[in-house]
Amino acid sequence: MNIFKRAYCRIFQFVFKVAIPLLPYRQPKILKDYDSLVNLFKEKKLSKILIVTDNGLFSLGLLNDLEKTLKLNNVEYVVYKDTVANPTTDNVDCASNIYRENNCQAIIAFGGGSSLDCAKAVGAVIVRPSKSLNQMKGLLKVRKKLPTLIAIPTTAGTGSETTLACVITDSKTRHKYVINDFNLIPHYCILDAELTVNLPKFITVTTGLDALTHAVEAYIGKSTTISTRKYSILATKLIFENLLEVYNNPQNLVARENMLKASFYAGLAFTKSYVGYVHAIAHSLGGKYNVPHGLANAIILPKMLKCYGKSVYKKLFNLALVVGLIDKGVSIENGAKIFIDKILELNRLMNIPDKIVELKKEDIELLSTYADKEANPLYPVPKLFDRQELANFYSQLI
């Protein structure tokens with residue numbers, strides 16, 4: 001990266017870091033159960049709700065208890081169940097039309113990161129009807145309070161229930177972009193471990209490793225705070241202690257609860273301290289080939305940590321130390337490498353591949369352009385890469 005762009009990126013990131021204490025971050029309030037949710041609706045006099053979910057969850061009957069509770073308490077609702085992995089602008093258009101046609105007053109996002117992101121985007125277009133989603137991509141383009149938004153995650157990984165971001169794929173171009181605005185942070189959430197018990201192993205693993213990526217990228221970046229470092233450490237420790245357990249023993253509710261907590265903590269960390277090139281590259285792969293986001297992150301993370309080299313050794317050593325992988329007698333470099341090896345070990349034990357099989361060499365130039373535009377200057381990465389350096393990294397994924 002040339003010296004002028006490098007300076008611009010670092011100045012931009014420094015200003016953002018200085019502004020963090022002044023910005024209107026908020027933490028969603030955790031509701032205990034569906035009865036608490038109904039009481040909230042009564043308190044706010046909300047009587048017509050849009051539920052955004054996906055067809056898989058709907059077909060499995062995971063919404064049954066929620067629907068039963070709403071019906072018993074005379075809360076009207078409509079369901080949009082066609083959200084796809086890597087939600088699209090078409091998804092958002094359809095769901096927002098249902099919201100308007102039924103005079104809804106609030107939104108429940110029920111599902112994994114895709115449903116939560118779709119619901120956030122629906123809220124954005126409801127309050128900004130004259131702006132397209134593309135016009136709201138980037139930083140602080142929504143600027144209006146969303147309808148009451150309740151997140152009920154059914155995976156332990158995306159952390160979307162805590163964050164100011166949603167990721168949307170343009171249905172026509174397949175370009176995937178991020179919308180960041182404080183108004184996108186859900187107002188409430190419900191963390192119910194039982195909703196995650198019957199997840200396929202692939203979803204359990206990839207969403208868990210997505211949470212790990214959030215925690216690690218937030219920790220190694222240059223915009224950390226005391227609180228985000230604390231949340232990153234808590235999340236990383238919980239993931240190392242519980243992810244393999246839920247993979248091998250899916251019915252372990254305690255481990256499932258711990259993974260939900262880890263996802264929540266990692267979300268609190270990265271919504272303030274941001275992510276890095278792992279996410280920028282994963283977003284480009286998800287948009288182009290529909291590669292599941294958590295899978296892409298899991299494959300990319302250890303490779304990117306190695307690529308960062310010495311710039312992350314000290315922080316990875318600290319993470320390895322506080323989560324109990326090493327003792328103080330280990331050198332900083334070796335401690336960092338042990339941490340990376342632990343991620344690789346988890347990947348191996350849980351059958352995560354080493355390559356992105358969908359990636360085509362002829363697409364790398366375009367994909368690296370997307371990643372460069374997303375990450376620079378926004379993401380406070382430990383080491384800056386330009387478009388060509390990112391293109392070189394993509395080659396490691398083939």
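In this text the structure is predicted, and so the values were computed from the model without any measurement. (Residues numbered from 1 in each chain as written. Predicted model: local features only at pLDDT ≥ 70, side-chain atom pairs only at ≥ 80, totals over all residues. Heavy atoms only, no water.)

**Brief notes about the sheet that holds strand 1 (residues 29–31)**
Then, in step 1: The strand order across the open sheet formed by 6 strands is 1-9-6-4-2-3, and the pairing between neighbours is parallel. The sheet is open, and its two edges are formed by strand 1 and strand 3 (76–80), each paired on a single side. Averaged over all pairs of adjacent strands, the angle between strand axes in this sheet comes to 25°, irrespective of strand direction.
Then, in step 2: Summarising the sheet, strand 4 (residues 106–111) and strand 6 (residues 148–153) pair through 6 bridges and their orientation is parallel. In the strand pairing of strand 6, A109 is matched with A151.
Then, in step 3: Of the strands in this sheet, strand 1, strand 2 (48–52), strand 4, strand 6 and strand 9 (188–190) are in contact with helix 2 (residues 34–44), which crosses strand 6 at around 175°. (Pairing = 2+ DSSP bridges. Helix = DSSP H or I, 4+ residues; strand = E, 2+ residues; numbered from the N terminus. Axes fitted to C-alpha atoms, helices over the stretch in contact; angles between N-to-C directions. Contact = heavy atoms within 4.5 Å.)

**With respect to the pairing of strand 6**
Then, in step 1: Most of strand 6 is tucked away, with 6 of its 6 residues classed as buried.
Then, in step 2: The alternating pattern of strand 6 places T148, I150 and I152 and L149, A151 and P153 on opposite faces, both of which are buried.
Then, in step 3: Two elements, strand 6 and strand 9, share 2 bridges in a ladder whose sense is parallel. Pairing of A151 across the sheet is with C189, part of strand 9. (Buried < 20%, exposed > 50% of the residue type's maximum accessible area, 1.4 Å probe, protein only.)

**Some details on the sheet that holds strand 7 (residues 165–169)**
Whenever strands of a sheet pair, they do so through backbone hydrogen bonds, lying parallel or antiparallel.
Then, in step 1: Overall, mixed pairing links the 3 strands, which are arranged 5-8-7 in an open sheet. Of all the strands in the sheet, the pair left with one neighbour each is strand 5 (138–139) and strand 7.
Then, in step 2: Most of the contacts of helix 10 (residues 277–289) go to strand 8 (residues 176–180), to which it runs at about 125°, and overall it touches strand 7 and strand 8.

**Structural notes on unusual backbone geometry**
Trans peptide bonds make up the majority, and among non-glycine residues the majority have a negative phi.
Then, in step 1: Here N376 and P377 are connected by a cis peptide whose omega angle stands at 15°.
Then, in step 2: Backbone geometry at R143 places phi at a positive 60°, although glycine is not the residue there.
Then, in step 3: Within the fold, R143 resides in the loop between strand 5 and strand 6.
Then, in step 4: One non-glycine residue, N290, lies in the positive phi region at around 65°.
Then, in step 5: Inspection of the secondary structure assignment puts N290 in the loop between helix 10 and helix 11 (293–308).

**Comments concerning the side chain of T148**
Then, in step 1: Along the polypeptide, T148 turns up in strand 6.
Then, in step 2: Owing to a relative accessible area of 14%, T148 belongs among the buried residues under this scheme.
Then, in step 3: The contacts of T148, once residues within four sequence positions are left out, are K44, L46, Q105, A106, I107, H187 and Y188.

**Topic: helix 5 (residues 89–101)**
Then, in step 1: In a regular helix each residue adds 1.5 Å, so 13 residues correspond to 18 Å; helix 5 covers 18 Å between its end C-alpha atoms and thus fits that length.
Then, in step 2: Contacts from the buried residues of helix 5 go to strand 2, strand 3, strand 4, helix 6 (113–127), strand 7 and strand 8. (Expected span 1.5 Å × (residues − 1).)

**Overview of the pairing of strand 7**
Then, in step 1: Taken across its 5 residues, strand 7 has 5 buried, putting it largely inside the fold.
Then, in step 2: Taking every second residue as pointing to the same face, both faces of strand 7 are buried, with A165, V167 and T169 on one and C166 and I168 on the other.
Then, in step 3: Two elements, strand 7 and strand 8, share 5 bridges in a ladder whose sense is antiparallel. Counted as the bridge partner of I168 is Y177 from strand 8.
Then, in step 4: Where strand 7 folds back onto strand 8 in an antiparallel hairpin, the turn is made up of 6 residues, including R174, whose phi is positive at roughly 65°.

As far as function goes, none of this settles anything; it's purely spatial.
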